[in-house]
Amino acid sequence: RALMREAAIQRKVAKEHAELYMAEAKRRKLKTNITPDVREQVLNFVLAHDHVVNSPISNDTLLIEGEDGQKRPVPKLLCEVGLTELFLNFTEKYPYTKIGERSFRDLMPPQLRRMTDRHKQMCGCRYCVEMASLQRTLNAWRGKYKALLDRASLQRCGQPDPYQPPSHKRPRDAAAAVLCADVDGQPRGIKHFRCFTGSCDQCGPEKFAWPERELNDDHPITFHTYEYVESSTQYGTKRRRLELVQRTLPVRDFMHDVNQPKLKSYIEHDIMRMVLGMGKEARAALPDGSSVGTIRDFSERLDLLLNQQIQSLHWQNKSVSIEVCVVKKLTGDNEFMGALFHLSDYSKQDAAVVQHNMEIIVKKLAEDGIKTIYEKTDGCTKQYRCGTAL
């Protein structure tokens, strides 16, 4: 970078002084057959693709120059697959659009980025990510609001303001503060069923004694949340996507309409996650050999177009779906681990596929004398948490 800056300075000096001469050639303007309609078609396809998602991190933005020449922060778009696979999907959907892969890559939106280890290793659950962002925003607002009140009170009467905001560093701290005490004899954080379902008369986000100023003040607060945004394409169709948006509300509306409902949903999700994670302890209390633990998930869909072979000789469709089931069984002091997988050219990964594969696994384990199965999944409501699979 230092050499590039030095070269730029030398070129500027050479252009300003007539006695200095520097050879330069004008850049040849390349011809292109990409029309504005094709550009918009590619952009709409990429933004509506299933594997192009918004970054779940609220401050994960890029400064992108707009049409007016001003740079503004824009949320990152994360590409879960390679650009080659995006291009192949585009050619399948629009076979009559003439465009090469190089031109297709040049038309990508500037905020599109590959997923890094930071995005792959973090929790992508909407409840956790959204509530963590709201809690950080509320804590920052409380600090600034407290400083503003203290400064005004010191000038007025020489004493700090009596307002004391709650000290909830994390969403889990806020959840513990608004609920009843933990159940005796259970791990930390486990509440009564009526508490985390919202049917308890003694606790809940709506019944917690929030500071009166936060419930009645109209001081603005700016926060980020996920909302479904509708937009129109050039073909007149509607596109609906879940995007990270910025909103500004009076703090009283934020507490009633945003923070309390989101905290209630987070409480139900977090406690249920802890309960489902207790399978190891419960499994250890059962007789040896009578129970197993399973971990099930779909792997990344295998696209056979990349092999450049005649796929009609092998498969009816052009992609392969794989569901893997890892089985753990206690036998005395040893733990046996095995793996089962289902390979199918039926590319859908829905409840019907999960039910079909589950029946095969349950029948096989029942023949081996298994009485209890503790299953661990990623909690996808379309696959594993639906009423059919349960």
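(A) Geometry of the overall build of the protein chain. The helix and strand tally for the protein chain stands at twelve helices and twelve strands. Counting over 390 residues, the protein chain shows a buried share of 35%. With the model as given, the accessible surface of the protein chain reaches about 26,000 Å², and the carbon-plus-sulfur share is 52%.

(B) Main features of the environment of His269. With respect to the element layout, His269 can be found in helix 10 (residues 251-276). For the pair His269 and Cys128, spaced 141 residues apart in the sequence, the C-alpha separation amounts to 8.5 Å.

(C) Region of the structure containing the pairing of strand 8 (residues 291-298). Of all eight residues that make up strand 8, six are buried, and the element is covered over most of its length. Relative to strand 12 (residues 372-376), strand 8 runs parallel, the two sharing five bridges. Directly across from Val292, in strand 12, lies its bridge partner Ile373.

(D) Fine view of the environment of Lys76. Checked against the element boundaries, Lys76 lands in the loop between strand 3 (71-75) and strand 4 (77-79). Note on Lys76: relative accessible area 17%, which makes it buried. In sequence terms Lys76 and Thr61 are 15 residues apart; their C-alpha atoms lie 5.3 Å from each other. In this structure, Lys76 is in contact with Val53, Asn54, Ser55, Asp60, Thr61, Leu62, Gln111 and Arg113, ignoring residues within four places of it in sequence.

(E) Just the pattern of salt bridges, in detail. Taken as a whole, this structure holds ten salt bridges when the rule is applied. With a shortest N-O distance of 3.3 Å, Lys262 and Glu130 are connected by a salt bridge. Here the residue Lys262 occupies a position in helix 10, and Glu130 occupies one in helix 6 (residues 126-157), the gap between them amounting to 132 residues. Under the relative-accessibility criterion, Lys262 is labelled partly exposed at 24%.

(F) Up close: the packing of aromatic side chains. A full pass over the atoms with the stated rule returns nine aromatic pairs. Through a chain of ring-to-ring contacts, three or more aromatic side chains come together here, namely Phe45, Phe87, Phe90, Tyr94 and Phe104.

(G) Representation of the sheet that holds strand 4. Spatially, three strands are ordered 1-4-5 in an open sheet, and the strand pairing comes out mixed. Only two strands of the sheet have a single neighbouring strand rather than two, namely strand 1 (52-54) and strand 5 (112-114). Between one strand and the next, the sheet's axes are offset by a mean angle of 40°, whatever the strand orientation. In the sheet, strand 1 pairs with strand 4 via three bridges, with the strands oriented antiparallel. In the sheet register, Val52 faces strand 4, and the bridge partner there is Cys79.

(H) Structural view of helix 7 (residues 171-178). When we look at burial in helix 7, the residues that qualify are Pro171, Ala174, Ala175 and Val178. Seen from one end, helix 7 has its buried residues packed into an arc of 100°, which puts them on one side.

(I) Main features of the packing of helix 2 (residues 36-47) against helix 3 (residues 83-93). For the pair helix 2 and helix 3, interaxial distance at closest approach is 11 Å and the crossing angle is 115°. In this structure, the crossing between helix 2 and helix 3 has a hand that is right-handed. Taken together, the residues of helix 3 that come into contact with helix 2 (itself represented by Gln41, Val42 and Phe45) are Leu86, Asn89, Phe90 and Lys93. Per-class residue counts for the contact of helix 2 with helix 3 are four nonpolar, two polar and one charged.

(J) Spatial organisation of helix 1 (residues 2-16). Under the 1.5 Å per step criterion, the end-to-end length of helix 1 is 22 Å for 15 residues, consistent within 8% with the ideal 21 Å. Where burial is concerned, little of helix 1 is hidden: one out of the 15 residues are buried.

(K) Molecular detail of the nonpolar core. Counting residues in hydrophobic clusters, the biggest one holds 28 residues, and the most contacted among them are Trp141, Phe254, Met255, Leu263 and Ile267. Looking at this core, the elements that each hand over two or more residues are helix 6, helix 7, helix 8 (193-196), strand 6 (220-232) and helix 10. Considering each element in turn, this core owes the most residues, eight residues, to helix 10. Excluding its chain neighbours within four sequence positions, the residues that come into contact with Ile267 are Ala175, Val178, Leu179, Phe196 and Pro205.

(L) Inspection of the confidence of the model for the protein chain at higher detail. Looking at the protein chain, pLDDT values average 78 and 76% of them are 70 or higher. In the model, residues 282-287 has pLDDT below 50 throughout and makes eleven contacts with residues more than four positions away in sequence or in other chains.

(M) Examining the side chain of Asp217 more closely. Residue position: Asp217 is located in the loop between helix 9 (212-216) and strand 6. No salt bridge is formed by the buried Asp217; its nearest oppositely charged neighbour, Arg252, is found at 6.0 Å. One polar contact links the side chain of Asp217 to the main-chain amide nitrogen of His219, over a distance of 3.0 Å. What Asp217 contacts, discounting residues up to four positions off in sequence, is Tyr145, Val251 and Arg252.

Criteria and thresholds
- Residues numbered from 1 in each chain as written.
- Predicted model: local features only at pLDDT ≥ 70, side-chain atom pairs only at ≥ 80, totals over all residues.
- Heavy atoms only, no water.
- Helix = DSSP H or I, 4+ residues; strand = E, 2+ residues; numbered from the N terminus.
- Buried < 20%, exposed > 50% of the residue type's maximum accessible area, 1.4 Å probe, protein only.
- Areas by Shrake-Rupley, 256 points an atom, 1.4 Å probe, with all protein chains shown as cover.
- Pairing = 2+ DSSP bridges.
- Contact = heavy atoms within 4.5 Å.
- Salt bridge = Lys/Arg side-chain N within 4 Å of Asp/Glu carboxyl O.
- Phe/Tyr/Trp six-rings, centres within 6.5 Å; stacked < 30°, edge-to-face > 60°.
- Axes fitted to C-alpha atoms, helices over the stretch in contact; angles between N-to-C directions.
- Arc of directions from axis to C-beta.
- Left-handed = near helix turned anticlockwise from the far one by under 90°.
- Nonpolar A, V, L, I, M, F, W, Y, C, P; charged D, E, K, R; others polar.
- Expected span 1.5 Å × (residues − 1).
- Core = buried A, V, L, I, M, F, W, Y, C linked by side-chain atoms within 4.5 Å.
- pLDDT = per-residue confidence, 0-100.
- Lys, Arg positive; Asp, Glu negative; His and termini not counted.
- Polar contact = N/O pair within 3.5 Å; in protein donor to acceptor, adjacent residues only side chain to side chain.

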